[in-house]
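Working through the structure, step by step
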Amino acid sequence: MPAHGCNGPDRERWEADDMPSDPNPKTRVWIAFLLLFVVFAVGAWFVSDLSRLQRGSAVRDSPAALQDITRPGQIDEALTQHPQNRFLRLTAMAVQAANETSAAAEKLSSEVEPSAVRGIGNLGAASRDALEALRRDLKTAEANATTFMPRYLALLKSERDKVEKHALSLNAGNETTARLLDHIDKRHAEFTALVSRLLSARAELYRAYGDYVAILVAESGAYKVVDGQFIFPLQRTVDRYDVAARAMRETTRRVVELEEERKNLLKSQQDGWVQFVSGK
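In short, a report on the structure. (Residues numbered from 1 in each chain as written. Predicted model: local features only at pLDDT ≥ 70, side-chain atom pairs only at ≥ 80, totals over all residues. Heavy atoms only, no water.)

**Things to note about the packing of aromatic side chains**
Defined as follows: Stacked, tilted and edge-to-face pairs are distinguished by plane angle, under 30 degrees for stacked and over 60 for edge-to-face with tilted covering the rest, among Phe, Tyr and Trp rings (Trp via its six-membered ring) whose centres lie within 6.5 Å. Here's how the labels work: a residue is buried when its accessible area is under 20% of the maximum for its type, exposed when over 50%, partly exposed in between, all with a 1.4 Å probe on protein chains only. Ring-over charges, as used throughout, are those where CZ of Arg or NZ of Lys falls within 6 Å of the ring centre and within 35 degrees of the ring normal.
Overall, the coordinates contain 9 aromatic pairs when judged by the stated rule. Pairing Phe148 with Tyr152 gives two aromatic rings, centres 6.0 Å apart and planes at 20 degrees, and the pair type is stacked. We note that Phe148, like Tyr152, is buried. An aromatic cluster is built from Tyr212, Tyr223, Phe230, Phe232 and Tyr241, whose rings are joined through pairwise contacts. The ring of Phe276 carries Arg179 above its face, with NZ or CZ at 4.4 Å from the centroid.

**Re the pattern of salt bridges**
Convention followed: Salt bridge, as used here, is a side-chain nitrogen of Lys or Arg placed within 4 Å of a carboxyl oxygen of Asp or Glu. Counting from the N terminus, the helices are the DSSP runs of H or I reaching at least four residues and the strands are the DSSP runs of E reaching at least two.
As enumerated under the stated definition, the model contains 16 salt bridges in all. Across the pair Glu142 and Arg207 runs a salt bridge whose closest N-O atoms are separated by 2.8 Å. Note that Glu142 is positioned in helix 7 (residues 128-146) and Arg207 in helix 9 (residues 174-218), a separation of 65 residues in sequence. Overall, the relative accessible area of 39% leaves Arg207 in the partly exposed class. The salt bridge partner of Asp185 is Arg160, with a shortest N-O separation of 2.7 Å. Taken together, the positions of Asp185 in helix 9 and Arg160 in helix 8 (residues 149-170) put the pair 25 residues apart, joining distant regions of the chain. On the accessibility criterion, Asp185 (33% relative accessible area) is partly exposed. One salt-bridge network, held together by shared partners, links Glu106, Glu259 and Arg262.

No statement about biological role is implied by the geometric values presented.
Rendered as structure tokens:
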């Protein structure tokens with residue numbers, strides 16, 4: 001029978017000779033590329049993981065420095081003891097920025113009401129000219145109250161931008177920065193809603209006060225003042241005066257209530273910094 005192959009040593013030599021001496025060049029390229037890809041992938045994972053560690057370090061380094069803080073004033077005290085703590089530095093700066101905004105807002109609020117409105121004394125002894133000047137100032141105050149909000153919102157935006165910029169300069173980390181800005185946004189939303197109601201109430205007060213003074217201007221020379229009470233010759237004037245006086249009392253009461261609410265909110269938001277620091 002004809003032979004279909006080699007047997008014995010000859011077969012072994014054939015198989016050995018038939019095998020290529022080196023891998024295919026394309027195979028070598030793909031293996032090298034695969035190894036390079038693995039190296040870069042591992043390196044990228046390491047860098048990403050290191051970045052996450054760095055972003056979270058500001059928070060993880062904080063508990064020991066923050067555990068005894070129970071009131072806002074202790075934030076600065078803790079910072080004195082731990083001056084390198086980025087979380088404390090960022091929080092202390094944010095509290096300072098909030099206090100500066102509050103002071104600036106108070107200054108703006110005082111500018112709403114002309115000094116003549118605050119300085120008016122006994123209306124019963126005021127001349128007609130003084131009453132007319134007061135009425136004009138009340139109209140100015142009403143207009144100022146209705147245009148106050150954009151200036152107030154600009155203060156809030158400036159505060160937020162300043163804190164965000166400081167957080168970036170400290171490399172505080174995305175998570176910490178986002179949590180702080182969220183805290184600021186919620187605080188601003190609460191105060192914006194209250195300030196909006198307060199400004200509306202103040203505008204109503206100035207309007208009611210102006211209506212009250214307008215009656216005195218119109219009746220100047222016709223009324224008398226007895227024991228601090230205005231005495232008008234006609235009943236219809238008395239009725240108009242009573243309506244105006246009641247409106248002024250009611251709007252004044254509303255402003256006083258909202259001012260008290262504002263003071264309470266300020267205190268609550270100061271305490272809120274302690275909750276922010278504790279992570280609650």
